[in-house]
Structures are given as structure tokens and as C-alpha cells.
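Chains, contacts and geometry: an overview
These are the residues of each chain, in order.
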Amino acid sequence: MTRPGTPSDPLRVAIVGAGPAGFFLAERLLGQSDVTVEADLYERLPTPYGLVRFGVAPDHEKIKNVTRSFDKVAARPGLRFFGNVDVGRHVTLDDLKHHYHQVCFCTGAQTDRRMGIPGEDLARSHPATEFVAWYNGHPDYRDLHFDLSVERVAVVGVGNVAVDVARILSRSVEEMATTDVADYALEALRASRVKEVYLLGRRGPAQAAFTTPEAKELGELEGADVRTVESELALDPLSLAVLDAEDGPAIRRKIKVLQEYAHRPRTGKPRLLTLRFLVSPTELVADEHGGVRAMRLVRNRLAAAKGGGTRAEPTGEFEELPVGLVFRSVGYRGVAIPGLPFDEKAGTVPHERGRVRDPVAGQPVTGAYVAGWIKRGPSGVVGTNKPDAAETAETMLADLAAGAVLEPAEPAVAAAEALVRRAQPAVIPFGDWRKLDRLETERGKALGRPRLKFTKVEEMLAQLGRS
Ligand code: NAP
């Protein structure tokens, strides 16, 4: 085989998943000056951008501006978008191997981690990931129901997702009404009777995963007062040691914000948001109908963890927090990809600098790559995916140079396109997404909102005259 990567014989790459990692990877590959690359971007939903559309909070509009640079990538001649095509259902990995030299999975982390405590599956106990997808108008989650008629809600975890969820529950309807939150979610939030929201961290304030701007934002909500419990902010020797580490100054700033909240008087805003530390849920307690009535919490102290860092150690002192709704925000988790190895513990695909590696055979899986959360796990912000995808792109190009690529039987662009159209006649090209984008923006403008999302696939197809 002559080595592909020339204008007459381009390197053909399938990228699965049109979230940030997929776009950053495409950008990097198509930006090569000495290798001609053609990338086809497969996306299960008709809409691109992954977590930028369905994860970033509606009130964080600016973070979504990154889609403008993704649109520039999509406009490059070497890129095609196959929206509404589910790899695994419409086309298989074997199909892709028939048409591409390389396949990179950028499928993210599509499910949630569990707490592993009794009562976790009671009614009104939900993964935060589902609530986030719901208020962001994800078609697979739009029909879920969250009972906002309760007065007290607990959000377990103190990562940025937990903060997003607590903030959305605490904001006034007026604040939410100028965002792109899904229309049904806005109505549900309008009817919300939630008065108190608790954010629960199992370790101390020095170990909180949320970032300082996110912590500050909680103190600026129009509809909610915020507070912390002073005794839970006291720093033990393990936390004091952290303050001298490299990221010590950032942690100090965060703790200062939290300390200020301990002394804030209530100002009579309709809601109260309380950040708690050094507490772990041990059980969700049911009411007579099988729904959450309360959460049992154990108080923790910090202990040194075996591999370094700290862990929460239960003290044996318990309390009961009366809450009627629980969001478990203890992390996302990747889903196995049929035909590829999977690390069940980490929820990621085993790899070496992005090249999938079969740990049993001790060999790379030729032509298979990963980037983004399915590669490194659910951490980092949108921009973290850029260097992550760049690493995978370098590996892909090194393998090309070494001749370690697949030898597809039908590498022609038309052959892959024919396969897709046969398997999924309702494939959505990028131009069709741009039409939906314009319609969403126009509908939003009329309401003083950045956009009003379509949240049903059928609705999107009907708008495009494709149903
Ligand atoms: P995360 O940052 O990993 O936070 C997970 C939280 O869950 C941690 O506080 C963790 O505590 C806690 N936790 C885990 N297991 C627990 C258990 N069994 N019981 C109690 N608590 C438990 O994850 P995330 O919030 O899902 O966010 C994912 C990534 O997206 C993060 O990198 C985040 O920064 C990013 N993100 C960014 C933004 C933004 O920039 N505004 C918004 C949303 C998400 P321990 O630390 O003790 O394990």
C-alpha cells in the first residue's frame, strides 16, 4: 500500500462524536500542511457541539462562543458532518474500517457515577447529569420529570456540575428567562417551590473541586442568599499543607470567598443556598410512597489517603437532612464502545497517547483512537480538550508515518457517503444544522433569549422538510 495523506489519496479519518474533542481533533488534523486529511464527523444527534450545547449551563452563555471556531472547522473543505447517525446502530466499527484509515472515538462520558448507598434509586433521587441534559433540551432527556414541588433539595458533590445544578435551582425565573434553557424546563422552574438548596462536599473547603469564579457567582444570585457553616471551614493540618502547594494561592482565594459567606446576613431573598463540607450521605430515607424524604449524613474528618492526597473518614456522628429531592453530582462516566477494550474501573478506553491499546493482548488496536473524556475521564473544561485532541492527532500522524493504519477496501468519499445514506436516510449535513441554528436563534430573539432550542429530533426533521 502506498502511504495515504496526499491530495490524490487523502488520509481518511472517521471522528465519532461532534463535541469539543471531536472538533478540536478535526481542526488539528485538517490543519496539517504536509498531509492531506479528509475527516468525516459522525454525530448521534442532529445537532453538533456535544456538551457545549447539552452540558454548559444556560446562564453561562459566553462559554458557548467556542462554537464559532467549531463552525469554522466545519466549513473547511476536508470536513463533512454526518448528524443523526449513530455509530453502533446505523453503522458499525467494522463498517467504518471498510472506509477509513483511522477511526477516533470522541464519545465523552455519557452516564453517571453512583454513590453506592441505600436508597440511591428512590423516586426523586436523580443523577445530576440527567437534570443537566434535561434543562439543556437534550432530546433523550426532555421527557424526564423532576419534582420541583418540594421545598428542600440536596446536591451531592462539590464539583462545577454540582454548582451549576445548585445555581439553576436557585436562580429567579427572570434570570433564567433570558437564557437558552429549554422551554419546558423554564416552565418547570417557574412553578418551582424550592426554597432551600444544599451543596454537600465530603471533604473540606480546601479540597472542593469547584473553581473560584463559580463559588463567587453563587454569592451574586438575584433570588437566593448563600451561606456556609463556619465550623466546617476550619482548616486542619492536611488542608493547611495544601495552601503551601503550587495551587495554594487559588485555593486560598476560594476559601476566602467561602469564609465571607459564613458571615453574610440573610437579606430576605426567596431562596437559601447552603454549602456544607465534611459530610457524606450514607442513606436516602423513603417516605410512605417510596420517594426521598430525608438524607442521612455522616460527618467526616480528613485523613491522609494511601496514594497521597486526602480522603474523607467518617467520624460516626450522624445527622438527618430533611430533603425531598436529591441530585447526585459525583461525576460522569464513560460508556464502553462495542469492539474496543474498556477499563470498567476508570470508565475509559485504555490507550497510549490516544492510540487504543488492548491490555489483554498488550497490543495497540490498529486504526482506533480516542480523545476527550472517553480517553482521559470526565475532567477539565472545554478548552482542556484542545491539547488532549492534539496529543491524539500527533499519535495518529505518527502512526501514518510508520505505516500503521488500516487498509480500507473502499476509501473513496462517495463510498462512505453511500453507506451512511443507506443506513440513515435522515442524515443531517452541517448546512441543515445551520438552518436549525438560524431558526432557533430567530425564535429566541422574539422572546429576548439567545435561542429557543428544538428539543425533539422529529421536530428538527420537520423544520428541515425531512420528515
Ligand atoms: P468533578 O469536578 O470531578 O467533581 C465531582 C465531585 O463529586 C467532587 O466534589 C467529588 O468529591 C464528589 N464525589 C465523588 N464521589 C463522591 C461520593 N461517593 N460521595 C460524595 N461526593 C463524591 O466532576 P463534575 O462536577 O462532574 O465536573 C466534570 C468536569 O467538568 C470538571 O472538570 C468540571 O470542572 C468541568 N465543568 C466545568 C464547568 C465550568 O467551567 N463552569 C461547569 C461544569 C463542569 P472528591 O473530590 O472528594 O472526590
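Here the residue index of a chain counts from 1 through its sequence in written order. Per-residue local features are limited, in this predicted model, to residues with pLDDT of at least 70; the limit for side-chain atom pairs, both in listing and counting, is 80 or more; totals at the level of whole chains, interfaces and linings are taken over all residues. The basis for the side-chain values is all heavy atoms of the structure; hydrogens and waters are excluded.

**Considerations on the side chain of Lys254**
Mapped onto the elements of the fold, Lys254 is located in helix 11 (residues 248-263). Throughout, exposure labels follow a simple rule: accessible area from a 1.4 Å probe, protein chains only, divided by the maximum for the residue type, with under 20% read as buried, over 50% as exposed, and the rest as partly exposed. Under the convention used here, Asp and Glu are negative, Lys and Arg are positive, and both His and the chain ends fall outside the count. For salt bridges, the criterion is a side-chain nitrogen of Lys or Arg within 4 Å of an Asp or Glu carboxyl oxygen. We note that Lys254 is buried and unpaired, the nearest opposite charge coming from Asp247 at a distance of 7.8 Å. Other than its neighbours up to four places away in sequence, Lys254 contacts Ala208, Ala209, Phe210 and Thr212. Think of it this way: any DSSP run of H or I at least four residues long counts as a helix, any run of E at least two long counts as a strand, and we number them from the N terminus. We call two residues in contact whenever any of their non-hydrogen atoms come within 4.5 Å of each other.

**Topic: the sheet that holds strand 6 (residues 125-127)**
Only when DSSP finds a minimum of two bridges between them are two strands counted as paired. Overall, parallel pairing links the 6 strands, which are arranged 6-14-7-8-10-9 in an open sheet. The open sheet has two edge strands, strand 6 and strand 9 (224-228), and neither has a second partner. Neighbour to neighbour, the strand axes of the sheet diverge by 20° on average, direction disregarded. Angular values range over 0 to 180 degrees, each being the angle between N-to-C directions of two axes fitted as lines to C-alpha atoms, with helices fitted over their stretch in contact. Sitting on the sheet, helix 6 (residues 160-170) touches strand 7 (152-156), strand 8 (196-200), strand 9, strand 10 (271-276) and strand 14 (325-328), and the angle it makes with strand 8 is about 175°. On the sheet, helix 11 packs against strand 9 and strand 10 and is oriented at approximately 110° with respect to strand 9.

**A short note on the packing of helix 5 (residues 128-135) against helix 6**
Between helix 5 and helix 6, the shortest axis-to-axis distance is 10 Å and the interhelical angle comes to 55°. Taken together, helix 5 and helix 6 sit at an angle that is classed as oblique. The interaxial crossing formed by helix 5 with helix 6 has left-handed handedness. Where helix 5 abuts helix 6, its residues Ala128, Phe131, Val132 and Tyr135 lie against Val161, Asp164, Val165, Ile168 and Leu169. Put simply, Ala, Val, Leu, Ile, Met, Phe, Trp, Tyr, Cys and Pro go in the nonpolar bin, Asp, Glu, Lys and Arg in the charged bin, and everything else, Gly too, in the polar bin. Partitioned by chemical class, the residues of the contact of helix 5 with helix 6 number 8 nonpolar, no polar and 1 charged. Each angle receives one of four descriptions, namely roughly parallel if under 35 degrees, roughly antiparallel if over 145, roughly perpendicular if within 65 to 115, and oblique otherwise. Throughout, a crossing is termed right-handed when the near helix is turned clockwise from the far one, and left-handed when it is turned anticlockwise from it by less than a right angle.

**A few points about the site of the ligand**
For each residue, the test is whether any non-hydrogen atom lies within 4 Å of the molecule or strand; if one does, the residue is near. The ligand sits among 21 residues. The nearest are Asn160, Arg202, Arg203, Glu214 and Gly380. Within the side chain of Asn160, an N or O atom sits 3.0 Å from an oxygen atom of the ligand. In protein, a polar contact means a hydrogen-donor-capable atom and an acceptor-capable atom, both N or O and within 3.5 Å, with residues adjacent in sequence counting only if both atoms are side-chain atoms; elsewhere, any N or O pair within 3.5 Å suffices. Between Val161 and the ligand, the recorded distance is 3.1 Å, taken from a backbone N or O atom to an oxygen atom. Relative to its free-state accessible area of 910 Å², the ligand is covered by the protein chains to the extent of 80%. In terms of residue count, helix 6 provides more of the shell around the ligand than any other element does, 3 residues in total. Here the residues of the shell around the ligand are counted per class, giving 9 nonpolar, 7 polar and 5 charged. Residue-level accessible areas treat just the shown protein chains as cover; the underlying method is Shrake-Rupley with a 1.4 Å probe.

**What about helix 13 (residues 385-401)?**
Expected helix span is given by 1.5 Å per residue-to-residue step, counting one fewer step than there are residues. In a regular helix each residue adds 1.5 Å, so 17 residues correspond to 24 Å; helix 13 covers 24 Å between its end C-alpha atoms and thus fits that length. Regarding helix 13, the residues found buried are Asn385, Asp388, Ala389, Ala390, Thr392, Ala393, Thr395, Met396, Leu397, Asp399 and Leu400. Just beyond helix 13, the residue with positive phi is Gly403, at close to 75°.

**Looking at the nonpolar core**
What we call a nonpolar core is a set of buried Ala, Val, Leu, Ile, Met, Phe, Trp, Tyr and Cys residues that are connected through their side-chain atoms within 4.5 Å. Ranked by internal contacts, the top residues of the largest apolar core, which has 47 residues, are Tyr135, Val155, Val165, Leu169, Phe210, Leu275 and Phe327. The leading source of residues in this core is helix 6, at 6 residues. Tyr135 has contacts with Pro58, Asp164, Val165, Ile168, Val181, Ala182 and Ala185, leaving out every residue within four places of it along the chain. Counting 44 residues, the second-largest nonpolar core is a separate cluster that includes Leu11, Ile15, Ala39 and Val56.

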